[in-house]
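# Inside the fold
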Amino acid sequence: MSAQRTAIGIALAFTILPAIASDYLGKGPDGHDNGAAHACTGTQPSQAAVICVRAGAASGGNGAASTPLSTINAAIAAAKAGDIVQVAAGTYLENVALGAFNAGSGKHLTLLGGFNADFSARDASQYITTINGGDLAPAVALHVQMAAGERTTLDGFTLTHGRGLGNDWSDGRGAGGGVHAQVFGHGEIVISHNVIHANRTASHTAGDTRGGGIHAETEAWDPAFTGVVRIEDNTVRDNLAGKGAGINIIGREAVVLRNLIQDNTSHGDHGGGLYVSTRIPQVRDNVIRGNVVGATAGYGWGGGIIVAGAGADLQGNVITDNHAPSIGSGVFWDEAAVGTMKNDLIFKNRCASGGVAIYIDGQQETPPQGGSVVEIENLTLADHLCPGGGTVIELERGSTLSMRNSILWNNSGGIGNEAFWNNTLDMAWSIAQEPGIGNFHADPLFANADAGDYHLRSGGGRFTPTGWVIDAVHSPAIDAGDPASDPSQETEPNGAHINLGAYGNTVQASRSVGNSAIFADGFEETMF
């Protein structure tokens, strides 16, 4: 057998993912706007219209590029169902509203920010369109009655100084400082590519008001309803609430995808970053970091995420540096929640003495019954170090945890599972202290945990933003997963076995030592 170093660049020999401008590749917001831009038509009585708005425009305009309207609310009033509203850079001191609380508008609209002054170009990172709610009401309120297939979109804005809608159950519960969204019946609301910061709910230090950044709900009392809220590619930061300070979702269905949910503060006792109580939620590829729960209460659970009495599909999220003064500083599964976690990375969340990163709780204490049920696959849970020790995952009140192909490393302790709670724990094929089929306890050899890089070191190739590199050591977590698990998303050579941890069965999985290797200069060595 001889070796030949083939003179082809690494981009030809391998599929290399493009570098993404975020701390965690493929996680958090993708772009600053959705790229949509249209020629301004002004208001149209019967044809589809593109109505344009510029702050400070002269009165008497009709929404054309040369004669734009001066406020977003004026454009909404002039629009008909299906129209597009395009908004130029500037600051708009108004509380934008489509419909009213529990009284949905029949007009589905598209609201786009981030245009230059003459609407010839759009870039929401350069042409910043700010809606300032003046601490009076939500910066944007969307209450829409739609048919199946209809959509209302809010994309490319900066929303700030909004206050939650109303004060009690009759007028909005004080929820949703940046955005208060309601879908009635069918259709979907898309909230995307917005920067939502420095908003608050009403009575945020004392009341159970939720969604300082975003409150979104879909009507769920009729099983025939199909309404969905999609919250995608937003930066939601520095917002305040009683609970769920970043985002609160309730009702039928919500998708929370590729958002940065950061530095939000809940003064009550549940949910710092994201509060989930929808029947069908998907929470994927978000970065959830630096959020706090219990700031005024002095106690609290779910610094990063709380799933309360609902189902949830968590996948590919990065959850770090969140704080809960009680337990569950990363994730809190509560009130008989049922859900899954897959390819999530949870590390270095902050905790008090005895605090845990994941808290899985039930409903009834005596006798314990109605517990939460959570299935976990390819989790990396690391560097959770609490003063005074403690466990890293806690099960209580008849809860059930099934875990496969995961890594629990350098934490204050293992999994808390007291016998009197009648819990069920099934853990296998993982790096952990707990016994189980395929379990073992060994250093997984993370690439650079100090810098937040939890890829596995590999003699066969490790993914980095600039290409694949070869390490001098090889992680024991590579190819150590359940033989029945699918490794097909891992690039070759993958040993035909799934890796342990957050990157197992993804294109960023570290490679097995096989028949080819990669030189540091980007060339492939093929053995034949």
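Figured I'd write up the structure that's included with this text. (Residues numbered from 1 in each chain as written. Predicted model: local features only at pLDDT ≥ 70, side-chain atom pairs only at ≥ 80, totals over all residues. Heavy atoms only, no water.)

## Describing the overall build of the protein
Assigned secondary structure in the protein consists of 2 helices and 44 strands. Taking 24 Å as the expected radius of gyration for a compact globule of 528 residues, we find that the protein reaches 25 Å, a close match to that expectation. Taking the principal axes of its C-alpha atoms as reference, the protein extends roughly 80 × 70 × 40 Å. Within the protein, the fraction of its 528 residues that count as buried is 57%. Of the contacts made within the protein by residues no fewer than 6 positions apart, 73% connect residues no fewer than 24 positions apart. Of the roughly 19500 Å² that the protein leaves accessible, carbon and sulfur atoms contribute 52%. Of the charged side chains in the protein, 27 are positive and 51 negative, and the gap between their average positions amounts to 5 Å. (Helix = DSSP H or I, 4+ residues; strand = E, 2+ residues; numbered from the N terminus. Rg over C-alpha atoms; globule rule 2.2 N^0.38 Å. Buried < 20%, exposed > 50% of the residue type's maximum accessible area, 1.4 Å probe, protein only. Contact = heavy atoms within 4.5 Å. Areas by Shrake-Rupley, 256 points an atom, 1.4 Å probe, with all protein chains shown as cover. Lys, Arg positive; Asp, Glu negative; His and termini not counted. Charge placed at Lys NZ, Arg CZ, Asp CG, Glu CD.)

## Description of the pattern of salt bridges
Summed over the entire model, instances satisfying the criterion amount to 16 salt bridges. The salt bridge partner of K27 is D285, with a shortest N-O separation of 3.2 Å. Placement of K27 in the loop between α1 (10-13) and β2 (50-53) and of D285 in the loop between β21 (274-284) and β22 (287-289) is noted, with a sequence separation of 258 residues between them. Classification of K27 by relative accessible area gives buried; the value is 16%. Here D208 makes a salt bridge to K243, at a shortest N to O gap of 3.7 Å. One end of the pair, D208, is in the loop between β13 (195-197) and β14 (214-218); the other, K243, is in the loop between β17 (240-241) and β18 (247-257), with 35 residues separating them in the sequence. Assessed through its relative accessible area of 44%, D208 is described here as partly exposed. The exposure class assigned to K243 is buried, which follows from its relative accessible area of 15%. (Salt bridge = Lys/Arg side-chain N within 4 Å of Asp/Glu carboxyl O.)

## Examining the pairing of strand β11 (residues 179-185)
The element β11 is extensively covered by neighbouring structure, given that 7 of its 7 residues are classed as buried. Judged from the 7 bridges that link them, strand β8 (residues 140-146) and β11 form a sheet pairing that is parallel. For Q145, the partnering residue across the bridge sits in β11 and is F184. (Pairing = 2+ DSSP bridges.)

## What about empty space enclosed by the protein?
Over the atoms, a rolled probe matching the size of one water molecule traces out where space is still vacant. With the rule as written, the count across this model stands at 1 cavity of 30 Å³ or more. In this structure, the largest cavity encloses a volume near 30 Å³. Lining the largest cavity, in full, are H455, L456, N499, L500, Y503, G504, Q508, A509 and S510. The residue makeup of the lining of the largest cavity, split by class, is 4 nonpolar, 5 polar and no charged. (1 Å grid on protein atoms, 1.4 Å probe; cavity = no way out; pocket = protein on both sides within 12 Å on 5 of 7 lines; lining within 4 Å. Points joined across faces, edges and corners; volume = space filled by probe spheres on them. Nonpolar A, V, L, I, M, F, W, Y, C, P; charged D, E, K, R; others polar.)

## Points about the state of the cysteines
Across all of its chains, the model carries 2 disulfides by this definition. With its sulfur 1.9 Å from that of its partner, C40 forms a disulfide with C52. Given an S-S torsion of about -85 degrees, the disulfide between C40 and C52 has left-handed geometry. Of this pair, C40 sits in the loop between α1 and β2 while C52 is found in strand β2, placing the two residues 12 residues apart along the sequence. Summarising the burial analysis for this pair, C40 and C52 share the class buried. Between the sulfur of C351 and that of C386 lies a disulfide, 2.0 Å long from S to S. (Disulfide = S-S within 2.5 Å.)

## Regarding the sheet that holds strand β16 (residues 235-237)
In space, the 11 strands of this open sheet follow the order β4-β7-β10-β13-β16-β19-β22-β25-β29-β33-β36, with parallel pairing throughout. Bordering the open sheet on either side are β4 (90-93) and β36 (407-409), each of which pairs with just one other strand. Pairs of neighbouring strands in the sheet enclose a mean axial angle of 10 degrees, with direction left out of account. Pairing of β22 with strand β25 (residues 318-320), which is carried by 3 bridges, proceeds in the parallel orientation. Pairing of I288 across the sheet is with I319, part of β25. (Axes fitted to C-alpha atoms, helices over the stretch in contact; angles between N-to-C directions.)

## Details of the environment of Q126
Mapped onto the elements, Q126 comes out in the loop between β6 (110-115) and β7 (129-132). Measuring from C-alpha to C-alpha, the distance between Q126 and T491 comes to 37 Å, with 365 residues separating the pair along the chain.

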